[in-house]
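The lines below spell out each chain.
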Amino acid sequence: MNKIITTTNFDLYYGSFQALKSINIEIPEKEITALIGPSGCGKSTFLKTLNRMNDLVPGVKISGEIKFHGEDIFAKEMNVNLLRKRIGMVFQKPNPFPMSIYDNIAYGPRLHGSPKKTELDEIVERSLRGAALWDEVKDRLKKSALGLSGGQQQRLCIARALSVEPEVLLMDEPTSALDPGSTIRIENLMAELRRNYTVVIVTHNMQQAVRISDKTAFFLIGEMVEFGETEQIFARPVDRRTEDYITGRFG
Amino acid sequence: MRNRFDEQLESLNNSLIRMGALCESAIANATKALLEGDRTLAGRAIEADSEIDQAEREVESLCLKLLLQQQPVARDLRQISSALKMITDMERIGDQASDISEMVMSVELDPAAHAIHIGDMARATIGMVTDSIDAYVRRDLALARRVIEADDVVDNLFLTVKSELLAGLKINPAEGEAPLDLLMIAKYYERIGDHATNIAEWVEFSITGVHKGELLG
């Protein structure tokens, strides 16, 4: 299995607070990797670092290395906009733009070029199909995205991320604000996405990690304690701290 | 925040220990009935069977409740799934103790039983059952593995008993039902040994995550 992202002794500080301690992980391509751990363990910080969203936080310092396809993502010549196009992000709360469904999806492609109307139509349809939303919205593409249900809005955000043809999707608790039905739709969708994309997901829902992910990494107070096959982590964790966390003995 | 879950696991453990104790006493009674011709004890072993069945249903429903409510992982999942598997073997042990007792009730077997190694066989299997349940209670991996090894002893005793019975039949072919019944009883003990081995293998799994040398889950 190809490793699409590898980190080496990666440290991250918010001011004097060390949020990530010497993280070494290899994210496999076209698999789903789940990041789990108690609040404040650094998993979301780590996720945001993968497409340099933390650049925007004042006082952030880093050391060590993160490579995407073997290229240092912090290198001077790295085009951050392009990096974020290749590594897209879906957030905890659906955040559609206050515009039509169509324009939400077309936003990224327009930003990165000037596609023709027919091309855009194709991208919109392909992205919405990719996010399993097309059939529900194809007759109201010009309507406001804000009129969609929470679950539909989240799938719209996934479609928006797909519209610029990323390679990696970062998802920060993408279903925590959704009802069980919408959650299952998103989980089914992730199983589909896995064929063409690499997914890294932060989740507080252990059962979700078990259901959907191939690999699981357990974070605790800035450290990555254990990383392995999801089944191994949840059936036979090696580290006592992992066992204690997943069985609810702390955290 | 685990308090309730820990209490439920404790109660699962207690139910299993109780079911184990019922099985132990059922075989002990059946064996005493066999070797001493005490039909009252045979009757008790037969009555115990329905109590054991009832205990199995209790453990089963507790396990299903825990799976539903707690969605257990890691050692909790192994403990609960092992319990679910173990009770099937315990229930069979109860059936076989009852089967032995029914044969003891219908034919007088004790004089013939003393001529062969069936008493040794019974003691060896009772030891396996007791140890397999102790291994679960104490999470004692070494003890579980000793039970698994002891199965060979019981299997060999079965062959000994079988040849003893065969030799007896050659000398006195008109001995009647007793040798056939004793052979079946020996087979029941041999099966009880297998069930104790299965229990010990699930104990090993619940501690290590490895079942009969293979990773499960």
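Look a little higher up for the structure.
Predicted model, so just to flag it, every value in this text is computed and none were measured.

Rules behind the numbers
- Residues numbered from 1 in each chain as written.
- Chains lettered and ligands numbered in written order.
- Predicted model: local features only at pLDDT ≥ 70, side-chain atom pairs only at ≥ 80, totals over all residues.
- Heavy atoms only, no water.
- Helix = DSSP H or I, 4+ residues; strand = E, 2+ residues; numbered from the N terminus.
- Rg over C-alpha atoms; globule rule 2.2 N^0.38 Å.
- Areas by Shrake-Rupley, 256 points an atom, 1.4 Å probe, with all protein chains shown as cover.
- Lys, Arg positive; Asp, Glu negative; His and termini not counted.
- Charge placed at Lys NZ, Arg CZ, Asp CG, Glu CD.
- Pairing = 2+ DSSP bridges.
- Contact = heavy atoms within 4.5 Å.
- Buried area = accessible area lost by both parts, 1.4 Å probe.
- Salt bridge = Lys/Arg side-chain N within 4 Å of Asp/Glu carboxyl O.
- Polar contact = N/O pair within 3.5 Å; in protein donor to acceptor, adjacent residues only side chain to side chain.
- Expected span 1.5 Å × (residues − 1).
- Buried < 20%, exposed > 50% of the residue type's maximum accessible area, 1.4 Å probe, protein only.
- Axes fitted to C-alpha atoms, helices over the stretch in contact; angles between N-to-C directions.
- Disulfide = S-S within 2.5 Å.
- Parallel < 35°, antiparallel > 145°, perpendicular 65-115°, else oblique.
- Nonpolar A, V, L, I, M, F, W, Y, C, P; charged D, E, K, R; others polar.
- Patch = residues over 30% accessible without salt bridge, like charges linked within 9 Å, V, L, I, M, F, W, Y side chains within 5 Å.
- Phe/Tyr/Trp six-rings, centres within 6.5 Å; stacked < 30°, edge-to-face > 60°.
- Lys NZ or Arg CZ within 6 Å of the ring centre and 35° of its normal.

Visitor: Hey, could you run me through the overall build of chain A in this one?
Guide: The secondary structure content of chain A amounts to 10 helices and 10 strands. Against the compact-globule benchmark of 18 Å for 251 residues, chain A has a radius of gyration of 18 Å, which places it among compact chains. Along the first, second and third principal axes, the C-alpha set of chain A runs to 55 × 45 × 35 Å. Counting only carbon and sulfur atoms, one obtains 49% of the accessible surface of chain A, whose full area is about 11300 Å². Positive and negative side-chain charges in chain A, numbering 33 and 32 respectively, have mean positions lying 4 Å apart.

Visitor: How should the sheet that holds strand E4 (residues 60-68) of chain A be read in this particular structure?
Guide: Sheets are built from strands paired through backbone hydrogen bonds, the pairs being either parallel or antiparallel. Residues and elements named next belong to chain A. Pairing is antiparallel in the open sheet, where four strands are placed in the order E2-E1-E4-E5. For this open sheet the edge positions go to strand E2 (17-28) and strand E5 (71-72), each flanked by a neighbour on one side alone. In terms of strand pairing, strand E1 (residues 3-14) meets E4 through eight bridges, oriented antiparallel. Bridge pairing links Leu12 to Ile62 in E4.

Visitor: Please explain the interface of chain A and chain B as it appears in this structure.
Guide: For interface size, the figure often reported is the accessible area lost on association. Counting from both sides, the interface comprises 15 residues of chain A and, opposite them, 14 residues of chain B. Between chain A and chain B, roughly 1300 Å² of surface is buried when both sides are summed, and carbon and sulfur atoms account for 48% of that area. Contact with chain B buries surface across chain A, with Gln207(A), Arg236(A) and Arg249(A) losing the most and accounting together for 42% of the total. Counting every contact that joins chain A to chain B gives three salt bridges. Note that Asp244(A) is salt-bridged to Arg75(B), the shortest N-O span being 3.4 Å. Linking chain A with chain B are six residue pairs in polar contact (both at pLDDT 80 or more), by the criterion used here. Where the side of chain A that touches chain B is concerned, the elements lending two or more residues are helix H9 (230-235) and helix H10 (240-246) of chain A.

Visitor: I tried to follow helix H5 (residues 118-138) of chain B on my own but got confused; where do I start?
Guide: For the α-helix, the turn length of 3.6 residues means that residues three or four positions removed from each other point alike. Residue and element names in this part refer to chain B. When the terminal C-alpha atoms of H5 are compared, their 30 Å separation across 21 residues agrees well with the 30 Å that a helix rising 1.5 Å per residue should span. Among the residues of H5, Ile118, Gly119, Met121, Ala122, Thr125, Met128, Val129, Ser132, Ile133, Ala135 and Tyr136 are the ones counted as buried. Here the buried face of H5 lies against helix H1 (3-36), helix H3 (74-106), helix H4 (110-114), helix H6 (141-171) and helix H7 (178-208). Residue Arg139 follows H5 closely and has a positive phi angle near 50 degrees.

Visitor: Got a minute to help me understand the sheet that holds strand E6 (residues 87-90) of chain A in this structure?
Guide: Residue and element names in this part refer to chain A. Here six strands make up an open sheet; going across it, the order is E6-E7-E8-E3-E9-E10 and the pairing mixed. Across the chains shown, the open sheet's two edge strands, defined by having one partner strand only, are E6 and strand E10 (223-229). Across this sheet, the average inter-strand angle for adjacent strands is 20 degrees, counted without regard to direction. When strand E3 (residues 32-36) meets strand E8 (residues 198-202), the two strands line up parallel, connected through four bridges. Bridge pairing in E8 places Leu35 opposite Val202.

Visitor: What am I meant to see in the state of the cysteines here?
Guide: Note: disulfide means a covalent bond formed between the sulfur atoms of two cysteine side chains. All names here are of chain B. For the coordinates displayed, the defined rule picks out zero disulfides over all chains. Cys63 carries a free sulfur, and the closest cysteine sulfur to it, the one in Cys23, is 15 Å from it. Here Cys63 falls in the buried class, since its relative accessible area comes to 0%.

Visitor: So what exactly am I meant to see when it comes to the packing of H1(B) against H5(B) here?
Guide: Residue and element names in this part refer to chain B. Axis separation between H1 and H5 bottoms out at 10 Å; the angle between their running directions is 175 degrees. Taken together, the axes of H1 and H5 are roughly antiparallel relative to one another. On H5, the residues that touch Asn13, Leu16, Ile17, Gly20, Glu24, Ile27, Ala28, Thr31, Leu34 and Leu35 of H1 are Ile118, Gly119, Ala122, Arg123, Ile126, Val129, Thr130, Ile133, Tyr136 and Val137. Looking at side-chain class alone, the contact of H1 with H5 contains 13 nonpolar, five polar and two charged residues.

Visitor: What am I meant to see in a nonpolar patch on the surface here?
Guide: Residues and elements named next belong to chain B. Together, Leu64, Leu67 and Leu77 give the surface a local cluster of nonpolar side chains, amounting to about 230 Å² of exposed area. Note on placement: Leu64 falls in helix H2 (residues 39-70). For Leu64, a relative accessible area of 52% gives the class exposed.

Visitor: Just checking my understanding: could you explain the packing of aromatic side chains for this structure?
Guide: Any two aromatic rings considered together are summarised by their centre-to-centre distance and by the angle between their planes. All names here are of chain A. Going through the model one piece at a time under the given rule, you end up with five aromatic pairs over all chains. Measuring from centroid to centroid gives 5.1 Å for Phe218 and Tyr245, while their planes differ by 20 degrees, and the two rings are stacked. Residue Phe218 is located in strand E9 (residues 215-220), and its partner Tyr245 is located in helix H10; the two are separated by 27 residues in the primary sequence. This pair shows no difference in class: Phe218 is buried, exactly as Tyr245 is. In this structure, Lys61 packs its charged tip against the face of Tyr13, placed 5.3 Å from the ring centre.

Visitor: Please clarify how the pattern of salt bridges should be interpreted in this entry.
Guide: If the charged atoms of two oppositely charged side chains come close together, the side chains can form a pair. By the definition in use, this model includes 26 salt bridges over all chains. Between Asp135(A) and Lys138(A) there is a salt bridge, with its nearest N and O atoms 3.7 Å apart. Given the relative accessible area of 37%, Lys138(A) is considered partly exposed. Here the residues in one salt-bridge network are Arg240(A), Glu243(A), Asp244(A) and Arg75(B), joined through shared partners.

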